[in-house]
Amino acid sequence: MAISFRGPGPIPIDLNVNGEERTVFIEPRRTLLSVLREELGLTGAKHGCGRGQCGACTVIIDGETAYACLTLAVDCEGRSIRTIESVSHGEQLHPVQEAFIEHDGYQCGFCTPGQVVAAVSLLEHNPSPTEAEVREAMAGNVCRCGAYPNIVTAVLDAARQGTGRDPGVSGATVASGEEG
Ligand code: FES
Ligand code: FES
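Residues numbered from 1 in each chain as written. Chains lettered and ligands numbered in written order. Predicted model: local features only at pLDDT ≥ 70, side-chain atom pairs only at ≥ 80, totals over all residues.

Student: How would you sum up the sheet that holds strand β4 (residues 64-67)? Please name residues and give values.
Tutor: What the 5 strands build is an open sheet, ordered β2-β1-β5-β3-β4; its pairing is mixed. Every interior strand has two partners, whereas the edge strands, β2 (20-26) and β4, have only one. Sheet twist, expressed as the mean angle between neighbouring strand axes with direction ignored, is 40°. In terms of strand pairing, strand β3 (residues 58-61) meets strand β5 (residues 80-82) through 2 bridges, oriented antiparallel. Residue pairing across strands places I60 opposite R82, the latter belonging to β5. Across the sheet, helix α3 (residues 112-125) touches β3 and β4, and the angle it forms with β3 is around 35°. (Pairing = 2+ DSSP bridges. Helix = DSSP H or I, 4+ residues; strand = E, 2+ residues; numbered from the N terminus. Axes fitted to C-alpha atoms, helices over the stretch in contact; angles between N-to-C directions. Contact = placed C-beta atoms within 7 Å.)

Structure (structure tokens):
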């Protein structure tokens, strides 16, 4: 008798993503990052290292930043997931995004969605961070282009502008990395 070592097949998973209820049929081994990108078409969160070392895949789950590449989608049922696509309101950019543009907080832009999400989360928890607090909060987001000084400047400027609002649920922006 043949023994199959294949895992369970696709199962339905209910996810709340950017305020919308979404049901996907996936194998339980799938990461949240792969489900966001490949099942839900939300490609703002990037696949960088795929092992929790770069922050390109940063999302917000129940109000806390998380690496989507290390998170199983099945563990996200009943939780609130927010991605970079939720940060702007249509054409209206979030102040953090405006500040990244104003201060050249990116070069190639690959890390930018994760950086912006991390900054938005930081300012929701701490609207007036010190420079040291910004550096610490953003330490999990690597920028291969070395845009760190401008990123820190942008986050501090966004804090000065006041960004305490909830980022909402709609829109995609220059800083969302829609292109891939
Ligand atoms: S892709 Fe998730 S931390 Fe690098
Ligand atoms: S802007 Fe290129 S990796 Fe950060």
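More follows now that the structure is in view.
Student: Hey, could you go over the environment of L42 for me, with residue numbers and the actual values?
Tutor: Within the secondary structure layout, L42 lies in the loop between α1 (32-39) and β3. Sequence separation between L42 and V17 is 25 residues; the distance between their C-alpha atoms is 9.8 Å. Apart from residues lying up to four places away in sequence, L42 is in contact with L36, R37, T83 and E85.

Student: With reference to specific residues and values, describe helix α5 (residues 148-161).
Tutor: Along its 14 residues, α5 runs 20 Å from first to last C-alpha, staying within 8% of the 20 Å computed at 1.5 Å per residue. Those residues of α5 hidden inside the fold are in contact with α2 (95-102), α3 and α4 (131-137). Where α5 ends, the next residue or the one after it, G162, has phi of about 85°, a positive value. (Expected span 1.5 Å × (residues − 1).)

Student: Just give me the short version of the environment of L70, but keep the residues and values in it.
Tutor: Mapping L70 onto the fold places it in the loop between β4 and β5. Overall, the presence of 14 C-beta atoms within 10 Å leaves L70 in the partly exposed class. With 18 residues separating them along the chain, L70 and G52 place their C-alpha atoms 6.2 Å apart. (Buried ≥ 20, exposed ≤ 12 C-beta atoms within 10 Å, placed from the backbone.)

Student: Before we move on, can you summarise unusual backbone geometry with the specific residues and values?
Tutor: The phi angle at N18 is positive, at roughly 50°, despite the residue not being glycine. Position of N18 among the secondary structure elements: in the loop between β1 (11-17) and β2. The buried category is assigned to N18, around which 22 C-beta atoms lie within 10 Å. The phi angle at D104 is positive, at roughly 50°, despite the residue not being glycine. On the secondary structure map, D104 appears in the loop between α2 and α3. Judged by local crowding, D104 falls into the partly exposed class, with 13 C-beta atoms found within 10 Å.

Student: Explain the environment of C54 to me, using residue names and the numbers behind them.
Tutor: When you line up the elements, C54 lands in the loop between α1 and β3. Classification of C54 as buried rests on a count of 22 C-beta atoms within 10 Å. Taking the C-alpha atoms as reference, C54 lies 6.5 Å from G140; in sequence the two are 86 residues apart.

Student: Can you explain the pairing of β2? Please cite residues and give values.
Tutor: For a regular strand, side-chain orientation follows a simple rule: the groups alternate between the two sheet faces. Here β1 pairs with β2 via 7 bridges, running antiparallel. Bridge assignment links I11 to a residue of β2, and that residue is I26. Hairpin remark: β1 followed by β2, antiparallel, with 2 residues in the connecting loop; positive phi at N18, about 50°.

Student: Requested: an account of the nonpolar core, with residues and values cited.
Tutor: Among the nonpolar cores identified, the biggest contains 45 residues, and A68, V96, A119 and V155 are the most heavily contacted of them. Of all the secondary structure elements, the ones that give two or more residues to this core are β1, α1, β3, β4, α2, α3 and α5. In terms of residue count, α3 provides more of this core than any other element does, 7 residues in total. In terms of domain composition, this core takes at least three residues from each of domain 1 (11-85) and domain 2 (95-169). Contact partners of V155, with chain neighbours within four places excluded, come to V96, A119, V134 and M138. (Core = buried A, V, L, I, M, F, W, Y, C linked by C-beta atoms within 7 Å. Domains from an automatic or database assignment.)

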